[in-house]
Amino acid sequence: MLDSDFFHRWMTATAVAVDREAGRLTELDSAIGDADHGSNLRRGFAAVTAVLDEDTPQTPGALLALAGRQLIATVGGASGPLYGTLLRRTGKALGDAAEVTPGQLAEAFGAGVAAVGKLGGAQAGDKTMLDALLPAAQALGESFAAAREAAEAGALATVALRARKGRASYLGERSIGHQDPGATSAALLVAALTEAGAARGDDGSGS
Amino acid sequence: MLDSDFFHRWMTATAVAVDREAGRLTELDSAIGDADHGSNLRRGFAAVTAVLDEDTPQTPGALLALAGRQLIATVGGASGPLYGTLLRRTGKALGDAAEVTPGQLAEAFGAGVAAVGKLGGAQAGDKTMLDALLPAAQALGESFAAAREAAEAGALATVALRARKGRASYLGERSIGHQDPGATSAALLVAALTEAGAARGDDGSGS
Amino acid sequence: MLINVPETVVADALRGMAAAHPELTVDVEGRLVVRRDAPVAGQVGLVSGGGSGHEPLHAGFVGPGMLSAACAGEVFTSPVPDQMVRAAMAVDSGAGVLFVVKNYTGDVLNFAMAAELAEDEGVQVAQVLVDDDVAVVDSSFTAGRRGTGATLFVEKIAGALAGEGAPLERVAATARRVNESSRSFGVALSAVTTPAKGSPTFDLPPGELELGIGIHGEPGRERRPMMTSGEIADFSVNAVLDDLRPDGPVIALVNGMGATPLLELYGFNAEVQRVLTERRVPVARTLVGNYVTSLDMAGCSVTLCQVDEEMLRLWDAPVRTPALRWGR
Amino acid sequence: MLINVPETVVADALRGMAAAHPELTVDVEGRLVVRRDAPVAGQVGLVSGGGSGHEPLHAGFVGPGMLSAACAGEVFTSPVPDQMVRAAMAVDSGAGVLFVVKNYTGDVLNFAMAAELAEDEGVQVAQVLVDDDVAVVDSSFTAGRRGTGATLFVEKIAGALAGEGAPLERVAATARRVNESSRSFGVALSAVTTPAKGSPTFDLPPGELELGIGIHGEPGRERRPMMTSGEIADFSVNAVLDDLRPDGPVIALVNGMGATPLLELYGFNAEVQRVLTERRVPVARTLVGNYVTSLDMAGCSVTLCQVDEEMLRLWDAPVRTPALRWGR
Ligand SMILES: Nc1ncnc2c1ncn2[C@@H]1O[C@H](COP(=O)(O)OP(=O)(O)O)[C@@H](O)[C@H]1O
Ligand SMILES: Nc1ncnc2c1ncn2[C@@H]1O[C@H](COP(=O)(O)OP(=O)(O)O)[C@@H](O)[C@H]1O
Ligand SMILES: [Mg+2]
Ligand SMILES: [Mg+2]
Ligand SMILES: [Mg+2]
Ligand SMILES: [Mg+2]
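Remember, predicted model here, so these are calculated numbers, not experimental data.

Quick notes on the rules
- Per chain, residues are indexed from 1 in the order of the written sequence.
- Following the order in which they are written, the chains are lettered starting with A and the ligands numbered starting with 1.
- Totals for whole chains, interfaces and linings use every residue, but because this is a predicted model, local features are given only for residues with pLDDT of at least 70 and side-chain atom pairs only at 80 or more, for both listing and counting.
- Hydrogens are left out, water is left out, and the side-chain values use all remaining heavy atoms of the structure.
- Each Phe, Tyr or Trp ring, with Trp reduced to its six-membered ring, pairs with another whose centre is within 6.5 Å; inter-plane angles below 30 degrees give stacked pairs, above 60 give edge-to-face pairs, and intermediate values give tilted ones.
- In this description a helix means any DSSP run of H or I spanning at least four residues, a strand means any run of E spanning at least two, and both kinds are numbered starting from the N terminus.
- Any residue under 20% of the maximum accessible area for its type is buried, any over 50% is exposed, and the rest in between are partly exposed; the area is computed with a 1.4 Å probe on protein chains only.
- The criterion for a charge sitting over a ring is simple: Lys NZ or Arg CZ within 6 Å of the ring centre, and within 35 degrees of the ring normal.
- When the copies are superposed, the least-squares fit takes in the C-alpha atoms of residues with a pLDDT of at least 70 in both.
- Each metal's donors are the N, O and S atoms found within 2.8 Å of it, except that Na, K and Ca use a 3.2 Å limit; water is left out, so coordination can look incomplete.
- The contact definition used throughout considers only heavy atoms, calling two residues in contact when any of these lie within 4.5 Å.
- Accessible surface is computed with a 1.4 Å probe, and the buried area is the amount of it that two parts give up when combined, taken over both parts together.
- Criterion for a salt bridge: a side-chain nitrogen of Lys or Arg within 4 Å of a carboxyl oxygen of Asp or Glu.
- Here a polar contact means two N or O atoms within 3.5 Å. Within protein one must be a hydrogen donor candidate and the other an acceptor candidate, and residues neighboring in sequence count only if both atoms are side-chain atoms.
- The cutoff for a nearby residue is simple: one of its non-hydrogen atoms must lie within 4 Å of the molecule or strand.
- Accessible surface is estimated by sampling points in the Shrake-Rupley manner with a 1.4 Å probe; for residues, cover comes only from the protein chains shown.
- The patches reported here contain residues having more than 30% relative accessible area and no salt bridge. Joining distances are 9 Å for like charges and 5 Å for nonpolar side chains (Val, Leu, Ile, Met, Phe, Trp, Tyr).
- A positive count includes Lys and Arg, and a negative count includes Asp and Glu. His and the chain ends are not counted in either.
- Here the site of a charge means atom NZ of a Lys, CZ of an Arg, CG of an Asp or CD of a Glu.
- What makes a nonpolar core is a set of buried Ala, Val, Leu, Ile, Met, Phe, Trp, Tyr and Cys residues whose side-chain atoms join them at distances within 4.5 Å.
- Note: two strands are recorded as paired if DSSP finds a minimum of 2 bridges between them.
- Structural elements are reduced to axes, namely lines fitted to C-alpha atoms, with helices fitted over the stretch in contact, and the angle between N-to-C directions of any two is expressed from 0 to 180 degrees.
- Each residue is assigned to one of three groups, with Ala, Val, Leu, Ile, Met, Phe, Trp, Tyr, Cys and Pro labelled nonpolar, Asp, Glu, Lys and Arg labelled charged, and all others, Gly among them, labelled polar.

*Asks:* What's the story with the packing of aromatic side chains in this structure? I'm lost.
*Replies:* Aromatic ring pairs are described here by two measures, namely the spacing of the ring centres and the angle between the planes. In the structure shown here, the tally under the stated rule is 18 aromatic pairs over all chains. When the centroid spacing of 6.5 Å and the interplanar angle of 55 degrees are considered together, the rings of Trp10 of chain B and Phe109 of chain B count as tilted. Pair noted here: Trp10 of chain B is in helix H1 (residues 4–32) and Phe109 of chain B is in helix H5 (residues 102–120), with a separation of 99 residues, a long-range link. The two residues Trp10 of chain B and Phe109 of chain B agree in class, both being buried. An aromatic cluster is built from Phe6, Phe7, Trp10, Phe109 and Phe144 of chain A, whose rings are joined through pairwise contacts. When the ring centre of Tyr170 of chain A is taken as origin, the NZ or CZ atom of Arg146 of chain C, which lies over that ring, is 4.7 Å away.

Pasting the structure below:
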């Protein structure tokens, strides 16, 4: 079972990963965007861990909803509302249970990803964070590791795509050949699940 | 004897030399000034030859005075009034004779150089055009070639000097180690006398 | 870069604005610049904002006759909904608020969230989406045209109308009309260095330029060997005219991207006017300067807005902001 | 560079100014920008000018309340006497003309020649020499201090006084008082590329800066590893204050050299104000922007002018020029 500690660890692990990879994310965004994705997410997840460290909500749902609101309040740009909505809607779908199963998380995460799709109007193959999030949501029913692999494969696959949403779409053909920054950070978020689970030997394969 | 044709050839030869060396003059001015000396003098001497080609004054004095006025009217910057004054005052000193001796030219040129010193307030060793003009005026009594050598040596010697006049003076110690652009162009002007003389086998050594 | 650390660039700039402009209320913490006399009774409030790095847009356009408030995001990053909600509440006199939103995914999403939240607080909100950049093909294959130079036209003309006490629907409708009547095209002669990245966003060798750039340091649609000012004017003005197809007088904004010397920009304006004359487009007004910028990018953009008599009257109306000032 | 060919840069810019500013008379051939209503009966005419590349200085300051006319030289090259004489004759109403001359050998010599020629034409001429740059030691070992940011103060304040109908001696005396009350210091973060040279005037690696630069792309007195905005403010403001030693309020000009983004410049202003507060210097007014520039140079300068009540009143007086506009 995954308790609010697990979700706290997830957010912390994401913050650490985003901080470590911020330069790379900004570099990727510099090629086909506006060179701010790394600093955007670093600012956002630092704010998330700050608020969670101060006052940790006692249910997974409340915790993710708070994290999502915090992202919306501090990130800005495209990724702020999108990642914020992802966590807020995942949290909302988890309801007010004190603990949830990996299966419940997988389902809720699917709802969160769907909300991202609805908000941004993007679909699979548009070269956005969805190209990592959609396969990850799919594989999350299996295990954290499977979700991680799916997200990473999805992010890598964006290299060949032509962007149809977000700033990269302005480049038309010239967006091909570069990995999408948002898909790359989405893979970090999903990978952090494994880390959060590893602390308690939870690999997300139970249901 | 030097007639107005000789002075016309002098101005033309100077214009050719300045045009050829404009890049180098600007490069020198870029190191210790504002990167315009080459284009300034190119514009000025092109205007001088244009006006002389159209309507050549019949006396050396009138020709140089016209050339000087033309420099003042087209160059601007520090070098415009200074070179303009040099030619105007040299011309004035030549009076209205139809031909002048090299000795008369040497004397008149000395008056022109003195006027430059008075107008700009510079002295020998201040790292200006005067460091080429003053020794040239001195040696002009001997021959054009001697004047040329003196001017070139004077220009070279400015490398070691610290500027006390003009823009280069703003650099203080940092002006040392660079050749003065105005002294360099002054050497071109003096060297052009040899060319103007060579056309008729006049080496300026008669008096 | 003339900065302390990348993290404080926006806050530092707001502190500096506060010191230079006592006629504005600057909330450094909240990243807001507001007209000191807001809310103005009986007037619709005009709120805009966006990522920083485009100065004087938007904060430099706050004042009588133009914006009521501007929200400053991080560099090239849309502000967050909280800022916009606080701006809306600060300027709402009861006549409602118009959000002027440049068409970027981030701005659109954040302003949309803010509009919902502000309505919850009892503020009537309308929005105008600015999307004037013809370099982007407006299709389902893109996020739609970017909002660039036309933002200045929308903010000036809608701001003048709001100042006359027009109701929200009319201010919003006119703002939309200005946007629909405007098109832009931009060219970069150098890339941008953002504080966060610290090095140019792309490599642009001195002898080349990027055609069809936006205002966020992104590369353009196409790279070419360097062109003359006249050739750039031909290309840009034709790109704008072929899309706008005006059948009446235009206002021209000949805009520098931030690092273009005014000497060059005025020279470019001469070429822009030549092309407009050749294409028989009458020019009612021309504004030349660095107004909608992209940090230290060298380059320029041309925005044309076809105007009717009302729009021209509102353009000419008095304005008193840090960056745009005329009339009475 | 956004140019056609180096030879036509100044003429192109003047054509572009003419198109954008119908309120000015622009003589492209003669390289003059003149107030359309000149000469103004009973008013002293204010004429300035200098090399191009410092825009909006000087042509951008022509208009009611400031300059009557500006002469544009080639890039970084003083104009020639003919231009100044024609300007003087165009603006002289019989009340005489004040030449505002920045202290550079070229400007000084050309304006001096022009003054003689204009007097020959029956125009009464006075001159004020602007020399405010404390980076240059004023001794017999230099050409004297350069004229930089204080030029804006002199032109604004003397222009307002001339607009009130004050006689030539008083306008000239006040102009000199403004210059004597002003000091500047400038810093370059990048070199300049002039159209004629086409490459940077000196090599300045990204991690270094030049302290004590002028406005002509010349290197400064000293090169240092990059400093923060706060450190640059400390150095610059202290350099100015140690020379000016004001015992009353100042007007501050926080000036960009041309390619400094307004975002950075406002941030720099915050640091300048901090230093002024630390040194207990009251700031009466602050102006932030790219006003006295050096083509595409990145960098900034600080100019302080200690003001008495009259100078402050004249600073606040209405002005209507392309680049400076306020009041009524
Ligand atoms: N409409 C959209 N739907 C889903 N994801 C999007 C959309 N638009 C942009 N993104 C994602 O956002 C990322 C960029 O985020 P970020 O750089 O932080 O914001 P911005 O583009 O506003 O600068 C892109 O790489 C992409 O993955
Ligand atoms: N006071 C002076 N007296 C004599 N020559 C001077 C003086 N000031 C400058 N010069 C000369 O002028 C040259 C610079 O000319 P130029 O670059 O055309 O003018 P500017 O300095 O106005 O850009 C210097 O190299 C120097 O030789
Ligand atoms: Mg981005
Ligand atoms: Mg020079
Ligand atoms: Mg962004
Ligand atoms: Mg010069």
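Having put the structure on the table, let's press on.
*Asks:* What is the right way to look at the relation of the copies chain D and chain C in this model?
*Replies:* To go from the first copy of the chain to the second, apply a rotation about an axis and then a shift along the same axis. With an RMSD of 0.0 Å, the fit of chain D onto chain C corresponds to turning through 180 degrees and sliding 0.0 Å along the axis. Viewed as a symmetry operation, the transformation between the two copies matches a two-fold axis. Of every C-alpha in chain D, the one belonging to Ala259 of chain D sits nearest the axis of rotation, 2.0 Å from it.

*Asks:* Honestly, the coordination of the magnesium ion (ligand 5) in this entry has me stumped. Any pointers?
*Replies:* Around a metal, the ideal angle is 109.5 degrees if four donors adopt a tetrahedral arrangement and 90 or 180 degrees if six donors adopt an octahedral arrangement. Of the protein atoms, only Asp34 of chain A (OD), Asp36 of chain A (OD) and Phe76 of chain C (O) coordinate the magnesium ion (ligand 5), at distances of 2.1 to 2.2 Å. Residue classification places Asp34 of chain A among the buried positions, given a relative accessible area of 2%.

*Asks:* Honestly, the interface of chain A and chain C in this entry has me stumped. Any pointers?
*Replies:* Interface size is often expressed as the accessible area that is lost when the parts come together. Each partner contributes residues to the interface: chain A has 32 residues there, and chain C has 35 residues. When the two sides are added together, the surface that chain A and chain C hide from each other amounts to roughly 2,600 Å², 57% of it contributed by carbon and sulfur. Taken as a group, Arg164, Tyr170 and Arg174 of chain A account for 27% of the area that chain A buries against chain C, more than any other trio of residues on that side. Across the chain A-chain C interface, the total number found is 2 salt bridges. Residue Lys197 of chain C is joined to Glu27 of chain A by a salt bridge in which the shortest nitrogen-to-oxygen separation is 3.7 Å. The tally of links from chain A across to chain C stands at 11 residue pairs in polar contact (both at pLDDT 80 or more).

*Asks:* I keep staring at the site of ligand 1 and nothing clicks. Help me out?
*Replies:* Residues and elements named next belong to chain A. Around ligand 1, a shell composed of 21 residues is seen, among which Asp34, His37, Ala78, Ser79 and Asp180 lie nearest. Asn40 places a polar side-chain atom, nitrogen or oxygen, 2.9 Å from an oxygen atom of ligand 1. When ligand 1 is considered free in solution it has 560 Å² of accessible area, and contact with the protein chains removes 96% of it. Counting residues per element, the ones that place at least two in the shell around ligand 1 are helix H2 (37–54), helix H4 (79–94) and helix H8 (181–198). Broken down by element, the residue count for the shell around ligand 1 peaks at 3 residues, all from H8.

*Asks:* How do you make sense of a positive patch on the surface when you look at a structure like this?
*Replies:* Residues and elements named next belong to chain A. Side chains of Arg69, Arg88, Arg89, Lys92 and Lys118 sit close together on the surface and give a patch of like positive charge. Top contributing element to the positive patch by residue count: H4, with 3 residues. Tracing the sequence through the fold places Arg89 in helix H4.

*Asks:* So what exactly am I meant to see when it comes to the arrangement of the chains here?
*Replies:* Among 3 pairs of chains with at least one contact, chains C and D form the most extensive contact set. The closest approach of any C-alpha atom in chain A to one in chain B is 35 Å; the two make no contact. In this structure chain A stays clear of chain D, and the shortest span between their C-alpha atoms is 17 Å.

*Asks:* Which parts of the structure should I look at to understand the nonpolar core?
*Replies:* Taken as a class, soluble globular proteins show a tendency for nonpolar side chains to be buried jointly. Membership of the largest hydrophobic core comes to 202 residues, with the highest contact counts inside it found for Leu98 and Leu152 of chain C together with Leu98 and Leu152 of chain D. In contact with Leu98 of chain D, not counting residues within four places along its chain, are Val44, Gly45, Leu46, Val47, Ala126, Gln127, Val128, Ala158, Leu168, Val171, Ala172 and Ala175 of chain D.

*Asks:* How do you make sense of the sheet that holds strand E1 (residues 24–27) of chain D when you look at a structure like this?
*Replies:* Strands belonging to one sheet form pairs held by backbone hydrogen bonds; the direction of such a pair is parallel or antiparallel. Residues and elements named next belong to chain D. Strand order in this open sheet of 6 strands is E1-E2-E4-E3-E5-E6, and the pairing throughout is mixed. The two strands at the open ends of the sheet, each matched to only one other strand, are E1 and strand E6 (125–130). On average, adjacent strands in this sheet sit at an angle of 20 degrees to one another, irrespective of strand direction. Taken together, the 4 bridges between strand E3 (residues 45–52) and strand E5 (residues 97–102) define a ladder with parallel strand orientation. By the bridge assignment, Gly45 is partnered in E5 with Val97. Its contacts with the sheet put helix H5 (residues 168–180) on E3, E5 and E6, and the angle it makes with E6 is roughly 5 degrees.

*Asks:* Hey, could you run me through the coordination of the magnesium ion (ligand 3) in this one?
*Replies:* Residues and elements named next belong to chain A. Around the magnesium ion (ligand 3), the donor atoms from the protein are Asp29 (OD), Asp34 (OD) and Asp36 (OD), and they sit 2.0 to 2.2 Å away. Spacing between the donor residues of the magnesium ion (ligand 3) along their common chain follows D-x4-D-x1-D. Taken as an interatomic distance, the gap from the magnesium ion (ligand 3) to the magnesium ion (ligand 5) is 3.5 Å; Asp34 donates to each of them. As far as the burial class goes, Asp34 and Asp36 line up, both buried.

*Asks:* Just to check I follow, could you spell out the interface of chain D and chain C for this structure?
*Replies:* Contacts between chain D and chain C engage 49 residues on the former and 49 residues on the latter. Buried area between chain D and chain C, both sides added, is near 3,900 Å², and the carbon and sulfur share of it is 65%. Here chain D and chain C share 2 salt bridges between them. One salt bridge in this structure joins Arg15 of chain C and Glu271 of chain D, with 3.3 Å as the shortest N-O distance. Our count for the contact surface shared by chain D and chain C stands at 17 residue pairs in polar contact (both at pLDDT 80 or more). Breaking the side of chain D that touches chain C down by element, the ones donating at least two residues are helix H1 (9–20), helix H6 (229–244), helix H7 (262–278), strand E11 (283–289) and strand E14 (325–326) of chain D. Looking at the side of chain D that touches chain C element by element, the count peaks at 11 residues for H7 of chain D. Residue composition of the side of chain D that touches chain C, grouped by class: 26 nonpolar, 14 polar and 9 charged.

*Asks:* Explanation requested: unusual backbone geometry in the structure shown.
*Replies:* Peptide bonds are trans in most cases, and residues, glycine excluded, mostly fall at negative phi. Here the bond from Ala38 of chain D into Pro39 of chain D is cis, since omega is -5 degrees, no more than 30 degrees from zero. Positionally, Pro39 of chain D belongs in the loop between strand E2 (32–35) and E3. The residue after Glu55 of chain D, namely Pro56 of chain D, is reached through a cis peptide bond having omega 10 degrees. Located in the positive-phi region is Leu295 of chain C, a residue other than glycine, with phi close to 45 degrees. Here Leu295 of chain C lies in the loop between strand E11 (283–289) and strand E12 (299–306). The buried category is assigned to Leu295 of chain C, whose relative accessible area is 2%. Although it is not a glycine, Arg245 of chain D adopts a positive phi angle of roughly 45 degrees. According to the relative accessible area criterion, Arg245 of chain D is exposed, its value standing at 62%.

*Asks:* Hey, could you run me through the site of ligand 2 in this one?
*Replies:* Close contacts around ligand 2 come from 21 residues, with Asp34, His37, Ser79, Asp180 and Gly182 of chain B the closest. Surrounding ligand 2 is a set of residues that belongs to chains B and D. Within the backbone of Met129 of chain B, one N or O atom sits 2.9 Å away from an oxygen atom of ligand 2. Between ligand 2 and the protein, one listed contact pairs an oxygen atom with a side-chain N or O atom of Asp180 of chain B at 2.5 Å. Isolated, ligand 2 exposes 560 Å² of accessible area, and the fraction of that covered by the protein chains is 97%. Within the residue set of the shell around ligand 2, elements represented by two or more residues are helix H2 (37–54), helix H4 (79–94) and helix H8 (181–198) of chain B. The biggest single contributor to the shell around ligand 2 is H8 of chain B, with 3 residues.

*Asks:* Would you explain the pattern of salt bridges in this entry?
*Replies:* As a working rule, side chains carrying opposite charge can pair if their charged atoms are close by. Tallied over the full model, the rule gives 60 salt bridges over all chains. Across the pair Arg42 of chain A and Asp19 of chain A runs a salt bridge, and its minimum N-O distance is 3.3 Å. Pair noted here: Arg42 of chain A is in helix H2 and Asp19 of chain A is in helix H1 (residues 4–32), with a separation of 23 residues, a long-range link. Looking at Arg42 of chain A, the relative accessible area reads 37%, which means it is partly exposed. Linked through salt bridges whose partners overlap, the residues forming this network are Asp12 and Arg15 of chain C together with Asp234, Glu271, Arg274 and Glu278 of chain D.

Everything listed here is a matter of coordinates, which is why it stays silent on function.
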